[in-house]
Amino acid sequence: MALPSPPKTAANPPRAATAAEALTPLIESTYTSPDIHCYVNGKKTVISNANPHWTLLDYIRAQSNLKGTKLGCGEGGCGACTVVLQVPDSSSEKRRIKHLAVNACLFPLVGIDGKHVITVEGIGSVDRPHPLQERVAKMHGSQCGFCTPGIVMSLYAMIRNAYDPETKRFTLSERDIEMEGHLDGNLCRCTGYKPILNAAKSFIVENLEGQLTEEPTAPAGAEDGKAEKEVVDLVRNGCGGPSKQSCGRPGGCCRDKLSEQPSENSSNDSKSQTSTPPTEPATSPDNEHIPAIVRATDKPEHDPAVSGATYAKPLKSKEKECFGKETKTSTSLETEISSTKKGVPVVQFKEYAPDTELIFPAALWKYEPRPLCYGNDKKIWFRPTKLDQLLELKDAYPSAKLIGGASEVQVEVRFKNSDFAVSVYVSDIPELRQTKMPLEAELETAKELVVSANTPLTELENICKEVYAKLGKRAMVLEALRKQLRYFAGRQIRNVASLAGNIATASPISDANPVLLAAGATLEAVNKSKGSIDLPMNKFFVAYRTTTLPPDAVLSRIRIPLPAPGVREVLKAYKQAKRKDDDIAIVTTAFRVRLDDDNNVEEATIVYGGMAPTTKESLKTQESLRGKPWFHSETLDIALASLLEDYDLPYGVPGGMADYRKTLTLSLFFRFWHESAAEFGLGNVDATVIDEIHRAISTGTRDDVNPYEQRVVGKQIAHLSALKQCTGEAEYIDDMPNFENQLYGGLVLSSKAHAKLLSVDWEPALAMPGVVAYIDKNCLAKEDNIWGSIRKDEPFFADGEVRHHGQVIGMVYAETALQAQAAAKAVKVEYETLPPILTIDEAIEANSYFPHGKMLKKGLALQDKMDEAFAKCDRIFEGQTRMGGQEHFYLETNAALVIPSGEDGCMEVWSSTQNTMETQEFVSAVTGVPSNRINARVKRMGGGFGGKESRSVPFACYLAIAAKKEKRPMRLMLNRDEDMLLSGQRHPVQARWRVGVSKDGILLAMEADVYDNAGFSQDMSGAVMDRCLTHFDNSYECPNVLLRGHVCKTNIHSNTAYRGFGAPQGMYFAEVMMYNIAEGLDVDVDELRLKNLYKVGEHTPFLQRIDEDWHVPLLLEQLGRSADYRKRKKAVDDFNAKNRWKKRGICLIPTKFGLSFATALHLNQAGAYIKIYHDGSVLLHHGGTEMGQGLYTKMCQIAAQELGTPLDAIFTQDSSTYQIANASPTAASSGSDLNGMAVKDACDQLNERLKPYRERFGKDAPLKQIVHAAYLDRVNLAANGFWKMPRIGFQWGNYDVNTVKPMYYYFTQGAGCSEVEVDLLTGDSTVLRTDLMMDVGNSINPAIDYGQIEGAFVQGQGLFTMEETLWTRTGELFTRGPGTYKIPGFSDIPQVFNTSLLRTDNEGKPLSWNHLRSVQSSKGIGEPPLFLGCTVFFAMREAIKAARKMNGQSILGGVGKDAWKLDSPATAERLRLAVGDDLVRRADVKRKEGETNFFVAVA
Ligand SMILES: Cc1cc2nc3c(=O)[nH]c(=O)nc-3n(C[C@H](O)[C@H](O)[C@H](O)COP(=O)(O)OP(=O)(O)OC[C@H]3O[C@@H](n4cnc5c(N)ncnc54)[C@H](O)[C@@H]3O)c2cc1C
Ligand code: FES
Ligand code: FES
């Protein structure tokens, strides 16, 4: 094998002239092997001279049979790429293995040498699923499925590590699953996480009496009660805990029997097991929750309505044996799915047998790792196996880049274009990666703990835990370090990342550095010339990301001092981030104080991260504290004042949040001061200052019984692709097989928000390896370079000017994706910058609008007499309310694949799109080929949420232009940052409103100007505004209404459809008004709501009559009862009266959501095409697309129900324009309504034709028998169904209540109740409990509907609380990936999360829907529950209101300077700054003349 040649030149090699000169001798003498030896899914694999640019993910996805591992972000923030490394456990003296979940997108390929890589394909398949895959699928843990393989693999590592093959004990508790951070590196945008946790919990094996098989060791001397509390939680949450589900324990669980009977007192099921339980949880709700029966079994029951379709024999043998022996096909449903008992689903799955798992390959036990080297003359990798080898290499070539876990380095490679021509993987060097645990006796006298520099953080967490358990408070520094590590990145990163990496990066927001600095740690570096060098931490960081580490040295050990026994010292660490789990810090701290015998400060080290360009000691504060009596208010005052001097951030400080960061600086010290006083036993300390928000194990119910269940429809059937998604077999666009001659696109994007394009030079790109060509506006006629969903106003390629950061200028295409992306970055663009308009306020000022001009008028507004209406009001309230936008963050970014056929201009256009029709239309336009030759297709999307309704279209078009030119297949999948830059988001909105009421609080007049930030083109912004206006009433009657919509034109990406389509924004304004009125009148907001609720017969502002199916009053009443709302509201008040630094809030809010494409009447149509083959199998096509919402499953259920055949006789392959012409986008929650009715229409036609045969063979005869006979009689067994929504057809401007047609076909209604707790010191919060109840009519599939409700709620929770899109002042989008943009993770969901469907009236009688004419009387559910995420916002607002009252602050709204308001999202920053306490006032940052904030939120 030829040895690689090192790069000829590399960045500033100080000693050798070239890398080649320096490294060639070493390659020839030491690094003689270029081959990586490993196992992949049990198969021996040798990778020879691998591509040096590849990560592990690049390698895996290059294998045609390993497409299950996904690329979601490429930066370690989503977990879609998770695989498991099976490796020997070096910390164990026995021959043991361990399983490490890692992010393949970051992990260096070289690192798999000698390891066993397990991907989702390695553990099971649809035919033989792993129990984990089966359970996640059957328990509805997979919707779009793009996150699923990654989540399955994180869970796999967890359950594999839970088994001890020696003792044969499998030990897993709810605590392990939820509290130990095994899932904190995985994101799911669809499910709301609850079903995934339930699937994981089905593996729990605990002593049936509630005793633990293994209890955590309580730290010696740790009498703080926290550890004890954790143990109690563990016991309480065992089998004896509140969840009455079976734990799936091999051999059966105590709950199996119990759970077969409907729970007698199910209200107790929802009793919180939180460490901070919701206030007075329900004891006797009316709506009994009956849980699905979940059990492990080896003899599954089949449900004939669902699976086991049989088919007639092929026709040729018909004459011999017509209906005798049958052939049988197998689908994913063949794995025994649920049968149901009286509408209660029974979920059965295989027992888990840990000893049948993949073993560690024997050959790897014997494998002796050798120094490795591979690469080419651009980039080269070394993997030394000994420290000496590394030092030699560093000595020869000091600028060689060391790579530990690569969690920092690979992000730099990917996003900062760092190439690191010479990279050295150091994590296989035992001297650097293995920390020796001191013996017990050594520990007693140890003065320090010595950690090897590249010890993985997970191991370090364990070491800290173990030493703390043994030494108690003397090892407080390790407990502080462990606490920081627990909330440090995700588990996958902690499994590989190191302290050395964290320290050497010298990030100012490092979480480990403050602790090490506060503890007085010393770093040991080593180089060849000097040997070991001591580097004290407090002198290590010299400037931003600059340290004193010599370039040729390696960090080898970190010495963490432990105080001598008896020393009176406390060390604590705190961190505040946007999201608790897997988030980088806003401010991160560690404090150490040592007292003398008189309780005076002997020594204090106060360290902050996030407050300066380096991790920084607070020198003034430290000095000011010396000798002072610690627990004295004057000392506190002095410290706070000094901290303000140490950290005097200006208003426009880089990173923004000056006020918040300064407030946190004070607040966290304030917390430490109290906590340390408590530790020292210096007096009575308010526990609510000390306690951080603790999250406990989540619970929750679904009211699983469905009285409306039919043979197939109404059953809780798992998503038909779920098992394929869990095994990685489900194919997304980027997983589709490669074509030999295919090319990849790389987009050239504008780096300016607004600028003239002076020149574009693509020559440098064309000179790069693998590049074929470049296309831009010059490839299209001017009139063809334009597209748009409603108005064609957006160029495909920028022409003369760029109008947002990230606008597409051109596309390079090349032989590989990496080459195309690199080449795109090499295109040189010159700009002349123009001033951008970013915010709504700026657009209003500049009069920058798109044409819209629509209004809603009701009552006196029709006569332009709103002044008269307001004159009649006793009180008038007004406000200016803003709500931020939201990134879709579907896990699968936009992707497309275009395959030209070579004949007649035909093209197969695969696209991850919700809109096949528009894809076809615009591909046809840019290629000049008629639509009938363009087959736009989509099998499934990894999430859409509206973001792929229009914004997906141009990508297919770019590829089509290139495919036509080159006559070669073209592919493109956007990187996460490109997707976030390009593809638009939910509209940020602002309302300037006025509302008048009678003195009793009856709404009399409402007027508002509502603005949405459309971005640089219109897209659907006008229609979004329409829906926003038509939901501005939420559920409340107001006789006089005037609403005006304005669509603002700005220089940001084009905002677009997003689940709810403007409605959540409109309803949010309604609720803001409700709270402002209630606060102004000093009345109960719930009473106010009830007084103003619509009554049957009243009219909305768009003059639609509220019909008899108005169920919001029922929902509020029933949910109020089942959530025990009144009682808990009172208890929240009691809690708030007793707690100074924690406040709670609770609210109960209704929603009504109009169904139909509101103002695009023509879209309210759908087609279906059903073919029954004469063997009885059915092929179904319809116009809807599958993005995880379960549409295909529901459509198959409808077809199976209507055609009288088992569900698995129906098959849907994809959505395609060759099958269904002119399909409307799958949107507006109307996918099931429209397509379901079209499917039914096709079934009706077929049933009519089959009627004679049913009569002949009997109504129960199998379909195969009926159609076989019909076929022989030459009956047409294919039918086109069609449906258009009747009744609707609203015309804007028609104000005649008698003639105006309804805007919406019906309203999906619901209510939500949430209770939260807020930490007033930090703004941190948790949702203690949420109860949701939705009216979905007769659900076609309750399991799917529950999934939509929970998933939409959590997405809404993110919208209203933590998801914040930020721009820089010059208009660059800052939030471009999971690192900067936070969506809710596993531990953000409500701790108690109950979901139910409205089924009865208040007396318990079954409900009927008199006006519902939808398919099976069901209702659309995709979007409506999202708004209920606002219950978390308003509950937080209540909590903050209580705090403001306590602090003597105004709670009155209005428009003046002193008016109080809390805009959405209620981020921790906004919550904290609204508390109005003394610390906030002290930290106030004065804005100097002309100073602007670093970031801009554009609402
Ligand atoms: C999604 C994500 C979340 C994150 N969250 C956090 C967080 O919450 N808190 C936080 O503090 N950080 C966080 N980080 C940053 C990063 O994970 C840490 O800094 C981590 O400790 C880096 O360790 P590593 O081994 O992966 O370093 P690498 O990426 O391998 O290397 C980082 C730097 O250290 C150098 N280096 C590595 N080993 C040595 C050595 N032995 N001697 C000298 N130099 C060496 C490398 O040359 C490089 O310059 C996050 C990163 C990601 C991608
Ligand atoms: S793709 Fe690797 S973490 Fe997102
Ligand atoms: S199912 Fe998790 S992201 Fe879609």
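Because the structure is a prediction, the values reported are computed rather than measured.

**Considerations on the overall build of the protein chain**
Helix and strand content of the protein chain: 43 helices and 51 strands. Rg of the C-alpha trace for the protein chain: 32 Å, near the compact-globule value of 35 Å for 1499 residues, within the 12% margin. Principal-axis analysis of the C-alpha atoms gives the protein chain an extent of 95 × 80 × 75 Å. Here the contacts in the protein chain between residues at least 6 apart in sequence split such that 78% fall between residues at least 24 apart. Total accessible area on the protein chain stands at roughly 50,800 Å², and carbon and sulfur atoms take up 50% of it. Taking the 175 positively charged and 188 negatively charged side chains of the protein chain as two groups, their mean positions are separated by 2 Å.

**A look at the sheet that holds strand E43 (residues 1178–1182)**
One open sheet holds the four strands; their spatial order is E44-E43-E42-E46, and the pairing between them is mixed. Where the open sheet ends on each side, the last strands, each with one partner, are strand E44 (1210–1211) and strand E46 (1278–1284). Here five bridges tie strand E42 (residues 1165–1172) to E43, and the two strands are oriented antiparallel to one another. Residue pairing across strands places Lys1171 opposite Leu1179, the latter belonging to E43.

**Observations concerning the nonpolar core**
By size, the foremost hydrophobic cluster in this structure holds 313 residues, and its most contacted members are Trp630, Phe669, Leu747, Ile1170 and Ile1172. Of all hydrophobic cores here, the second largest spans 82 residues; its members include Ala50, Phe107, Val117 and Val467.

**Notes on the UniProt feature "active site" (unreviewed entry) in the protein chain**
With numbering matched to this structure, UniProt assigns "active site" (unreviewed entry) to Glu1423. Counting through the fold element by element, Glu1423 comes out in the loop between strand E50 (1392–1397) and helix H41 (1430–1446). Contacts of Glu1423, omitting those with residues within four sequence positions, involve Arg1059, Gly1060, Phe1061, Phe1153, Ala1228 and Ser1229.

**Structural notes on unusual backbone geometry**
Excluding glycine, a negative phi dihedral is what most residues carry, and trans is how most peptide bonds are arranged. The residue after Ser1464, namely Pro1465, is reached through a cis peptide bond having omega 5 degrees. Assignment of secondary structure puts Pro1465 in the loop between H41 and helix H42 (1468–1474). If you check the backbone angles, Ala489 has positive phi at about 50 degrees while not being a glycine. With respect to the helices and strands, the residue Ala489 is situated in the loop between helix H16 (476–486) and helix H17 (491–494). With a phi angle near 55 degrees, Asp864 is a residue other than glycine that sits in the positive phi range. Looking at the element boundaries, Asp864 is found in the loop between strand E32 (855–858) and helix H28 (866–871).

**Side note on the packing of aromatic side chains**
Counted by the stated rule, this structure contains 46 aromatic pairs. An angle of 80 degrees between the planes, with centres 6.0 Å apart, marks the rings of Trp787 and Phe922 as edge-to-face. Remark: Phe922 occurs in helix H29 (residues 916–927) and Trp787 occurs in the loop between strand E27 (771–776) and strand E28 (801–802); sequence separation between them is 135 residues. Of the two residues examined, Trp787 and Phe922, each falls in the buried class.

**Points about the environment of Ala925**
Position of Ala925 relative to the elements: it lies in helix H29. Look at Ala925 and you get partly exposed, because its relative accessible area is 37%. Each C-alpha atom, one on Ala925 and one on Ile403, is 49 Å from the other, the two residues being 522 residues apart in sequence.

**Let's talk about the side chain of Lys1382**
Note on placement: Lys1382 falls in the loop between strand E49 (1367–1368) and E50. A residue is classified by how much of its surface remains accessible, and Lys1382, at 4% relative accessible area, is buried. Polar side-chain contacts of Lys1382 include one of 2.7 Å to the backbone oxygen of Pro1378. Ignoring any residue separated from it by four or fewer positions in sequence, one finds Lys1382 in contact with Lys578, Arg579, Asp582, Asp583, Met1362 and Glu1363.

**Focus on the pattern of salt bridges**
Tallied over the full model, the rule gives 97 salt bridges. Residues Asp581 and Arg486 are paired through a salt bridge, measuring 3.6 Å at the closest nitrogen-oxygen approach. One end of the pair, Asp581, is in the loop between strand E21 (569–577) and strand E22 (585–595); the other, Arg486, is in helix H16, with 95 residues separating them in the sequence. Arg486 shares its class with Asp581; the two are buried. Of the charged contacts in the structure, one is a salt bridge between Lys1240 and Asp1244, with a shortest N-O distance of 3.2 Å. Of this pair, Lys1240 and Asp1244 both sit in helix H38 (residues 1231–1257), four residues apart, which is roughly one turn of the helix. Here the salt bridges do not stand alone but share partners, grouping Glu1071, Asp1084, Asp1086, Glu1087, Arg1089, Arg1126 and Lys1129 into one network.

**Quick look at the UniProt feature "binding site: [2Fe-2S] cluster 1" (unreviewed entry) in the protein chain**
In this structure's numbering, the residues bearing the UniProt feature "binding site: [2Fe-2S] cluster 1" (unreviewed entry) are Cys73, Cys78, Cys81 and Cys105. A maximum C-alpha distance of 10.2 Å is found for the annotated residues, which run over 33 residues; spatially they form one tight group. Here Cys73 shows up in the loop between helix H2 (56–61) and strand E3 (82–88). Residues within four places of Cys73 in sequence aside, it is in contact with Cys78, Arg414, Phe415, Arg976 and Pro1378. With respect to the helices and strands, the residue Cys81 is situated in the loop between H2 and E3. The class for Cys81 is buried, based on a relative accessible area of 2%. Those residues within four positions of Cys81 in sequence are excluded, and the remaining contacts are Leu57, Thr69, Lys70, Val102, Asn103, Ala104 and Cys105.

**Overview of the sheet that holds strand E5 (residues 116–118)**
Spatially, five strands are ordered E2-E1-E5-E3-E4 in an open sheet, and the strand pairing comes out mixed. Of all strands in the sheet, those with a lone pairing partner are strand E2 (43–48) and strand E4 (97–103), marking the two edges. Neighbour to neighbour, the strand axes of the sheet diverge by 35 degrees on average, direction disregarded. Contacts between helix H5 (residues 148–161) and the sheet are confined to E3, E4 and E5, with E3 contributing the most and set at about 25 degrees to the helix.

**Focus on helix H36 (residues 1125–1138)**
Its 14 residues give H36 an end-to-end C-alpha distance of 20 Å, which sits within 8% of 20 Å, the value for a rise of 1.5 Å per residue. Those residues of H36 that fall on the buried side of the exposure criterion are Tyr1125, Arg1128, Lys1129, Ala1131, Val1132, Phe1135 and Asn1136. Projected onto a plane normal to the axis of H36, the buried residues spread over an arc of 165 degrees and lie on a single side. In H36, the exposed positions that point more than 90 degrees away from the buried face belong to Ala1137 and Lys1138. Buried-residue contacts for H36 involve helix H34 (1085–1092), helix H35 (1112–1122), strand E41 (1142–1155), strand E47 (1306–1319), strand E48 (1325–1335) and H41.

**A few points about the site of ligand 1**
With respect to spatial proximity, 33 residues lie near ligand 1, and among them Leu402, Gly404, Ser407, Ser498 and Asp511 are the closest. Note that an oxygen atom of ligand 1 is positioned 2.6 Å from one of the backbone N or O atoms of Leu402. Contact distances for ligand 1 include 2.7 Å between an oxygen atom and a side-chain N or O atom of Ser498. Here ligand 1, which alone exposes 970 Å², has 93% of that area covered by the protein. Counting only elements with at least two residues in the shell around ligand 1, the list comes to strand E13 (401–403), helix H12 (409–415), helix H18 (499–505) and strand E20 (554–561). Considering each element in turn, the shell around ligand 1 owes the most residues, five residues, to H18. Here the shell around ligand 1 is composed, by residue class, of 16 nonpolar, 10 polar and seven charged.

**What to know about the environment of Leu391**
Residue placement: Leu391 occurs in helix H11 (residues 387–396). For the pair Leu391 and Val526, spaced 135 residues apart in sequence, the C-alpha separation works out to 7.8 Å.

**Section: H16**
Most of H16 sits out of view: nine of its 11 residues are buried. Taken together, the buried positions of H16 are occupied by Met476, Val477, Leu478, Ala480, Leu481, Arg482, Gln484, Leu485 and Arg486.

**A short note on a nonpolar patch on the surface**
Where nonpolar side chains cluster on the molecular surface, the patch consists of Met855, Leu862 and Tyr1295 and spans about 220 Å² of accessible area. Mapped onto the fold, Met855 is located in strand E32.

**Side note on the confidence of the model for the protein chain**
Low-confidence regions, as indicated by low pLDDT, have predicted coordinates that should not be scrutinised in detail. With 92% of its residues at a pLDDT of 70 or more, the protein chain shows a mean pLDDT of 92. Residue range residues 281–286 is modelled with pLDDT below 50. Its contacts to residues more than four positions away, or to other chains, number 22 contacts. Confidence over residues 317–327 falls short of pLDDT 50; this stretch has 14 contacts with residues more than four positions distant or in other chains.

Definitions and limits used
Residues numbered from 1 in each chain as written. Chains lettered and ligands numbered in written order. Predicted model: local features only at pLDDT ≥ 70, side-chain atom pairs only at ≥ 80, totals over all residues. Heavy atoms only, no water. Helix = DSSP H or I, 4+ residues; strand = E, 2+ residues; numbered from the N terminus. Rg over C-alpha atoms; globule rule 2.2 N^0.38 Å. Contact = heavy atoms within 4.5 Å. Areas by Shrake-Rupley, 256 points an atom, 1.4 Å probe, with all protein chains shown as cover. Lys, Arg positive; Asp, Glu negative; His and termini not counted. Charge placed at Lys NZ, Arg CZ, Asp CG, Glu CD. Pairing = 2+ DSSP bridges. Core = buried A, V, L, I, M, F, W, Y, C linked by side-chain atoms within 4.5 Å. Buried < 20%, exposed > 50% of the residue type's maximum accessible area, 1.4 Å probe, protein only. UniProt positions renumbered as here; feature names shortened; annotations may be inferred. Phe/Tyr/Trp six-rings, centres within 6.5 Å; stacked < 30°, edge-to-face > 60°. Polar contact = N/O pair within 3.5 Å; in protein donor to acceptor, adjacent residues only side chain to side chain. Salt bridge = Lys/Arg side-chain N within 4 Å of Asp/Glu carboxyl O. Axes fitted to C-alpha atoms, helices over the stretch in contact; angles between N-to-C directions. Expected span 1.5 Å × (residues − 1). Arc of directions from axis to C-beta. Near = heavy atom within 4 Å. Nonpolar A, V, L, I, M, F, W, Y, C, P; charged D, E, K, R; others polar. Patch = residues over 30% accessible without salt bridge, like charges linked within 9 Å, V, L, I, M, F, W, Y side chains within 5 Å. pLDDT = per-residue confidence, 0-100.

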